[in-house]
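# Secondary and tertiary structure notes
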Amino acid sequence: MILAPGVFIAGVVIFLIVIWDAFEAIILPRRVTRKFRLARFYYQFTWSTWKFYARLIPSKKRRDSFLGFYGPISLLFLIAVWAAGLILSFAMMQYGAGSAVNLSGGTPSFYTDLYLSGTTFFTLGLGDVVPHSGVSRFLVVVESGFGFGFLAAVIGYLPFIYGSFAERETDIVLLDARAGTPPTAGELLLRHTFPGGHEALRDLFKDWERWAAQLLESHLSYPVLAYFRSQHDNQSWISSLTAILDACALTISGMEDTCSRQAQLTLAIARHAVVDLCQVFSVAPQPPDKDRLPPEVLQLIRQTLAKHGTKLAETPEANQKLAELRALYEPYVYGLAERFNHSLPGWVPAKKSKDNWQTTAWTKTTNGTAAAALVHDDHF
């Protein structure tokens, strides 16, 4: 039996790094500010590599589909990295303790310790490699306990992640009929010019105030959710949140009614969310590469809304207020969009297009009769 205390200590260090990182990611329900994190380095490396290869794909649809695979795959591979780290750490501790195992038909080696560690972690208990010293038996018992607990934590972690993702996407899908596809602030306000529309808009802002608070809580505690993309290529949590912020800014600067106060509350929590997310993902705020709201587009919004009975203030004070509000959030949402490879929406639809609920790739209607035919109507 040859003891290797250096290897044993290295195994303990790897164990502590991995188990603490998994604890922070799965169990700890709060933001982690520590810079040195295994998960942080993992996502920085894998996401930059994934984005590099995504940019080589010429088709936007295929590129978005490729990016959509990253969130789930990265989560599964991160779990695999944690498991491999724990198995390696216990194998190193077994080896450092002298490889005190009984092996039929061979001489114990590090590979034997690695095999013992793997079968113990996954609670297989094959029995062809048996520990015979007190330290070795203790390590086997401890590893089997951590392996069982780790698998149980993962089983509970995955449904929570997908539940939070589904909860986030619900309001994004609901925004389709309310703000167009992709959503824009101008279209959102235009579709709420009907009688009683301001009350409906106030309720919508209230719903998105809560949505932004839930986004803040879930994505700070579980940052992997930010990499999960929406079902439709023309929707995303960043573009939807930006459209709501734009609409709030227009409402606050141009409307004097009961809806304005709710818009202020929604803008406050939404801005809080994007600023904190920039801090979590180390995204520096940066101004958009071009003005998202040129004067002619702002004038178009005002004229269109005025035709439908909603007047926005056109005074220099209103313009200044709108510019100040935009400066509060635009650099942050633009930084997040660059980080996660999303596109920010305009303030008005770029072209006349159907909403997602109006499209399908399976049927077309001819003389009121649905014909089962595959048509090129881009839905997903």
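Note that this is a predicted model, so its numbers are computed, not measured.

### Quick notes on the overall build of the protein
Along its length, the protein carries 12 helices and four strands. Compactness check: the protein gives a C-alpha radius of gyration of 27 Å against a globular reference of 21 Å for 380 residues, more than 25% above the reference. Across its three principal directions, the C-alpha atoms of the protein cover 90 × 55 × 35 Å. Residue pairs at least 24 apart in sequence account for 74% of intrachain contacts in the protein once pairs closer than 6 positions are excluded. Entry remark: accessible area of the protein is about 19,300 Å², with carbon and sulfur atoms responsible for 64%.

### Side note on the layout of surface pockets
Estimated volume of the largest pocket: approximately 1,500 Å³. As for the largest pocket, its lining consists of 50 residues, and the residues nearest its centre are K60, P182, D233, N234 and Q235. Going through the elements one at a time, α3 (60-68), α6 (134-179) and α12 (316-339) are the ones with two or more residues in the lining of the largest pocket. Looking at which element gives the most residues to the lining of the largest pocket, the answer is α3, with six residues. In terms of residue class, the lining of the largest pocket is made up of 13 nonpolar, 21 polar and 16 charged.

### Points about the pattern of salt bridges
On inspection of all chains with the given rule, the structure shows nine salt bridges. R37 is the salt-bridge partner of D21, the closest N and O atoms lying 3.8 Å from each other. With a gap of 16 residues between them, D21 in helix α1 (residues 5-27) and R37 in the loop between α1 and α2 (38-54) connect regions that are remote in the sequence. For the residue pair D21 and R37, the accessibility class agrees, reading buried in each case.

### Description of the confidence of the model for the protein
Overall, the prediction assigns the protein a mean pLDDT of 86, with 91% of residues at 70 or greater. In the model, residues 364-377 has pLDDT below 50 throughout and makes 20 contacts with residues more than four positions away in sequence or in other chains.

### Re the nonpolar core
Nonpolar side chains in soluble globular proteins tend to be buried together. Ranked by internal contacts, the top residues of the largest apolar core, which has 88 residues, are W82, F150, W237, L250, L336 and W347. When near neighbours in sequence (up to four residues on either side) are disregarded, F150 contacts A22, I79, W82, A83, L86 and F121.

### Considering unusual backbone geometry
With an omega dihedral of -5 degrees, the bond running from T181 to P182 counts as a cis peptide bond. Look at S282: it is not a glycine, yet its phi comes out positive at around 55 degrees. Among the structural elements, S282 can be located in the loop between α10 (258-280) and α11 (295-307). Although it is not a glycine, N341 sits at a positive phi angle of roughly 60 degrees. Its location among the elements puts N341 in the loop between α12 and β3 (363-366).

### Structural notes on a nonpolar patch on the surface
The grouping of I9, V13, I17, F36 and F41 at the surface amounts to a nonpolar patch, some 460 Å² of accessible area in total. By residue number, the principal contributor to the nonpolar patch is α1, which donates three residues. With respect to the helices and strands, the residue F36 is situated in the loop between α1 and α2.

### Structural notes on the packing of α2 against helix α4 (residues 70-96)
Two elements in contact, α2 and α4, have axes whose closest approach is 11 Å; the angle formed by their N-to-C orientations is 140 degrees. Taken together, the axes of α2 and α4 are oblique relative to one another. Considering the relative orientation of α2 and α4, their crossing is right-handed. Touching L38, A39, Y42, Y43, T46, W47 and W50 of α2 are Y70, I73, S74, L75, F77, L78, V81 and W82, all from α4. The residue makeup of the contact of α2 with α4, split by class, is 13 nonpolar, two polar and no charged.

### What about the packing of aromatic side chains?
Per the counting criterion, the structure on display carries 26 aromatic pairs. Between Y42 and Y43, the aromatic rings sit 5.1 Å apart at their centres with planes inclined by 85 degrees, giving edge-to-face as the arrangement. Across this residue pair, the class does not change: Y42 and Y43 are buried. Counting every residue linked through ring pairs, the aromatic cluster contains Y42, Y43, W47, W50, F66, Y70, Y227, W237, F281 and F340. The ring of F340 is capped by R339, whose NZ or CZ atom sits 5.5 Å from the centre of that ring.

### Examining the side chain of S89
You can see S89 is positioned in helix α4. With residues near it in sequence (within four places) discarded, S89 still touches G11, I14 and F15.

### Considering the packing of α4 against helix α5 (residues 110-121)
Running from N to C, α4 and α5 point in directions that differ by 130 degrees, and their axes come no closer than 8 Å. Between α4 and α5, the angle is such that the two are oblique. As for the relative orientation of α4 and α5, their crossing is right-handed in sense. Contact residues: α4 offers A83, L86, I87, L88, F90, A91, M92, Q94 and Y95, while α5 offers F110, D113, L114, L116, S117, G118 and F121. Among the residues making up the contact of α4 with α5, the classes are represented as 12 nonpolar, three polar and one charged.

Calculation criteria
- Residues numbered from 1 in each chain as written.
- Predicted model: local features only at pLDDT ≥ 70, side-chain atom pairs only at ≥ 80, totals over all residues.
- Heavy atoms only, no water.
- Helix = DSSP H or I, 4+ residues; strand = E, 2+ residues; numbered from the N terminus.
- Rg over C-alpha atoms; globule rule 2.2 N^0.38 Å.
- Contact = heavy atoms within 4.5 Å.
- Areas by Shrake-Rupley, 256 points an atom, 1.4 Å probe, with all protein chains shown as cover.
- 1 Å grid on protein atoms, 1.4 Å probe; cavity = no way out; pocket = protein on both sides within 12 Å on 5 of 7 lines; lining within 4 Å.
- Points joined across faces, edges and corners; volume = space filled by probe spheres on them.
- Nonpolar A, V, L, I, M, F, W, Y, C, P; charged D, E, K, R; others polar.
- Salt bridge = Lys/Arg side-chain N within 4 Å of Asp/Glu carboxyl O.
- Buried < 20%, exposed > 50% of the residue type's maximum accessible area, 1.4 Å probe, protein only.
- pLDDT = per-residue confidence, 0-100.
- Core = buried A, V, L, I, M, F, W, Y, C linked by side-chain atoms within 4.5 Å.
- Patch = residues over 30% accessible without salt bridge, like charges linked within 9 Å, V, L, I, M, F, W, Y side chains within 5 Å.
- Axes fitted to C-alpha atoms, helices over the stretch in contact; angles between N-to-C directions.
- Parallel < 35°, antiparallel > 145°, perpendicular 65-115°, else oblique.
- Left-handed = near helix turned anticlockwise from the far one by under 90°.
- Phe/Tyr/Trp six-rings, centres within 6.5 Å; stacked < 30°, edge-to-face > 60°.
- Lys NZ or Arg CZ within 6 Å of the ring centre and 35° of its normal.

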